[in-house]
Amino acid sequence: MGQGGWKGLCLSLFDYKTEKYVIAKNKKVGLLYRLLQLSILLYLVVWVFMVKKGYQDIDTSLQSAVITKVKGVAFTNTSELGERLWDVADYVIPPQGESVFVVMTNLIVTPNQRQDTCAEVIWHLELGRRGSHQQWLGYPSPGAGVSSCSRAQEDVCMVGHTCMIWGQGQDLCQVLRRACEHRRGWDLALAEAPFLSWQNEDILNAKCSKDSDCHPGEAVVAGNGVKTGRCLRVGSAKGTCEIFAWCPVETKSKPAKLLLDEAEEFTIYIKNSIRFPKFNFSKTNVLDTKNSSFLKTCRFDLNNLYCPIFRLGSVVRWAGSNFQEMALEGGVIGIHIEWDCDLDKASSECNPQYSFSRLDNRFAEKSISSGYNFRFAKYYRDASGVEFRTLMKAYGIRFDVMVNGKAGKFSIIPTVINVSSGVALMGAGAFFCDLVLIYFIKKSHFYRGKKYEEVRGRECRAQLVESQRQGGAWEAKDAAGPGPGPRGVEQSPRAEPEGQRPGLPQRQEAQDRGGGSNGDGCVCRRLLEGCAQPASSGHLEERKVNVEQLQTLQAVET
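Along each chain, the written sequence defines residue order, and numbers are assigned to residues from 1. Since the coordinates come from a predicted model, pLDDT governs what is reported: local features require at least 70, and pairs of side-chain atoms require 80 or more to be given and counted, while whole-chain, interface and lining totals use all residues. Based on all heavy atoms of the structure, the side-chain values leave hydrogens and waters out of the count.

- UniProt positions are given in the numbering used here, feature names are shortened, and annotations may be inferred rather than shown by experiment. Regarding the chain, the UniProt comment filed under Catalytic activity (unreviewed entry) reads as follows: "Ca(2+)(in) = Ca(2+)(out)".
- You can read under Function (unreviewed entry) in the UniProt record for the chain the words "Receptor for ATP that acts as a ligand-gated ion channel."

### Brief notes about the packing of aromatic side chains
Stage number 1. Ring pairs shown here join Phe, Tyr and Trp side chains whose ring centres sit within 6.5 Å, with only the six-membered ring taken for Trp; geometry is labelled stacked below 30 degrees between planes, edge-to-face above 60, and tilted in between. For the structure on display, the rule yields 13 aromatic pairs.
Stage number 2. Measuring from centroid to centroid gives 4.5 Å for Tyr-91 and Phe-266, while their planes differ by 15°, and the two rings are stacked. One end of the pair, Tyr-91, is in helix 3 (residues 88-91); the other, Phe-266, is in the loop between strand 13 (239-247) and strand 14 (267-276), and 175 residues separate them in sequence.
Stage number 3. Exposed residues in this analysis have more than 50% of their type's maximum accessible area, buried residues have under 20%, and partly exposed residues fall in between, with area computed by a 1.4 Å probe over protein chains only. For Tyr-91, a relative accessible area of 0% gives the class buried.
Stage number 4. Arranged with centres 6.0 Å apart and planes meeting at 70°, the rings of Trp-246 and Tyr-379 form a pair that is edge-to-face. Helix numbers and strand numbers start at the N terminus; a helix is a DSSP run of H or I with at least 4 residues, a strand a run of E with at least 2.

### Re a nonpolar patch on the surface
Stage number 1. Residues enter patches when their relative accessible area tops 30% and they take part in no salt bridge; the joining distance is 9 Å for like charges and 5 Å for the nonpolar side chains Val, Leu, Ile, Met, Phe, Trp and Tyr. Per-residue and other accessible areas follow the Shrake-Rupley method at a 1.4 Å probe size, with only the shown protein chains counted as cover for residues. Definition used for salt bridges: Asp or Glu carboxyl oxygen within 4 Å of a side-chain nitrogen of Lys or Arg. A contiguous nonpolar surface patch, about 910 Å² in accessible area, is contributed by Leu-38, Leu-41, Leu-42, Tyr-43, Val-45, Val-46, Trp-47, Met-50, Val-51 and Leu-425.
Stage number 2. Assignment of secondary structure puts Val-51 in helix 2 (residues 27-51).
Stage number 3. Look at Val-51 and you get partly exposed, because its relative accessible area is 45%.

### With respect to the nonpolar core
Stage number 1. Residues grouped as a nonpolar core are buried Ala, Val, Leu, Ile, Met, Phe, Trp, Tyr and Cys residues, joined through side-chain atoms within 4.5 Å. Tyr-91, Leu-312 and Phe-399 are the most contacted members of the largest nonpolar core, which totals 50 residues.
Stage number 2. Looking at this core, the elements that each hand over two or more residues are strand 2 (63-71), strand 6 (100-119), strand 14, helix 7 (312-318), helix 8 (323-329), strand 17 (331-342), strand 18 (352-358) and strand 20 (387-410).
Stage number 3. Here this core gets seven residues from one element, more than from any other, and that element is strand 20.
Stage number 4. Excluding its chain neighbours within four sequence positions, the residues that come into contact with Phe-399 are Ser-99, Val-100, Phe-101, Val-103, Ile-268, Leu-312, Val-315, Ile-333 and Ile-335.
Stage number 5. In this structure, Cys-118, Val-121, Ala-206 and Cys-247 belong to the second largest nonpolar core, which totals nine residues. The contact rule is simple, with two residues in contact once any of their heavy atoms fall within 4.5 Å.

Right, dumping it as structure tokens:
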């Protein structure tokens with residue numbers, strides 16, 4: 001590259017290029033463009049800045065701590081437990097006051113369990129008496145007679161009472177007779193009452209018909225203990241394997257009556273402390289007061305957000321459930337605390353919002369997996385030092401406290417980013433209107449021709465050189481022997497002033513147009529149409545005019 005080339009390259013660095021705009025006088029497209037601009041402006045102002053607060057820096061890394069306490073007492077009187085008073089130490093699990101806790105509402109008790117051998121399966125025996133029936137639970141086991149009962153011996157045959165009976169399988173009816181023969185009228189009734197049904201809890205891995213079916217030391221799948229190698233049968237029916245376990249084993253029945261029906265009036269205290277580390281902002285959901293009686297007398301409502309003491313029955317109702325139905329077999333309640341803080345305002349405007357929902361499937365009431373329950377035991381030792389326990393299968397309502405939140409504060413960076421995005425969307429509106437203008441309206445070809453110009457610089461130069469060469473040849477030929485032209489009329493190139501000759505555009509007009517299209521192609525195309533194919537017998541003056549036209553066009557190109 002020569003010195004001139006480098007100089008031109010350096011000077012071109014200081015050139016400024018700008019776009020050429022075409023103003024289309026089309027009312028429909030103009031109206032569409034203004035509507036798009038208005039829509040983008042409303043989106044930017046209303047949605048981005050007013051609703052989403054796009055001018056704020058957002059902190060979602062919420063740090064939260066939850067402390068819970070439950071208060072309330074209940075009194076029960078049952079055959080398994082007798083008279084008992086229940087307080088928070090009895091029915092709240094775990095007692096540490098965590099964000100996930102359970103309030104026990106129902107209970108199945110299996111008392112006096114000892115590590116011994118017994119049948120894996122409980123047999124249900126129903127006896128009939130004068131239109132009513134009594135259900136007994138029995139274990140086929142070696143020995144005869146009644147070994148234990150949860151109540152006094154004289155209450156064994158009480159209607160509605162369940163007692164654990166031990167006896168030889170085939171002699172179980174006699175065991176029941178001996179247990180109740182001291183009650184007037186029952187000895188004759190039991191003699192006349194046939195067995196209505198024998199039923200057992202279905203544990204497939206515990207079924208057997210002979211001792212070889214029970215492999216010693218093998219654990220019962222979904223059972224309660226380890227097989228001893230003996231098969232216990234009732235009559236000729238299939239039996240169940242004897243196991244070494246905590247005996248008697250727990251019954252598989254579901255509760256039919258609610259134990260702690262007074263739990264509906266219990267109260268739950270939920271203290272939540274939060275912090276947004278980006279802005280170093282902290283707050284709690286308890287009213288900042290020195291009045292010691294405030295939390296003892298207040299209850300939560302929409303007008304008292306800073307008293308986080310909730311009635312248990314109200315929480316279940318707000319979650320869309322009935323307390324009596326849910327407490328029978330248990331369930332799961334979600335307590336959601338939402339903090340949405342605008343730190344451009346006063347801290348008093350940052351308030352917690354509460355919502356409640358049932359998290360387990362309340363519509364699957366007949367499903368085997370419905371409800372919520374768990375087991376725990378209390379251990380004791382008798383006078384001889386032998387350990388025994390009381391197994392409890394607890395049903396209750398589990399509460400999950402979940403905290404979410406975000407905080408926002410003005411920042412110049414997100415403001416600039418969102419404004420720039422809005423300006424970019426304005427350009428997208430113009431692009432859409434261009435597509436409509438040049439492709440979808442009736443006169444799209446006309447607007448397309450005005451918007452886009454076709455420039456063919458190299459083709460024009462080649463045609464100009466070829467025309468000059470041919471023009472020189474024609475002039476030499478006519479000097480040798482001119483003949484009459486096809487038109488028969490001689491025209492002098494001096495007859496008209498320069499710039500007014502036919503077929504030659506004015507120099508200033510050509511400069512203004514810059515060699516561009518005049519609606520139907522480039523300028524050189526029009527000129528070449530008149531000069532590229534001259535008649536060989538034309539006058540010398542006509543050919544000189546064509547040569548001058550080509551020279552003028554070349555100057556315009558340069």
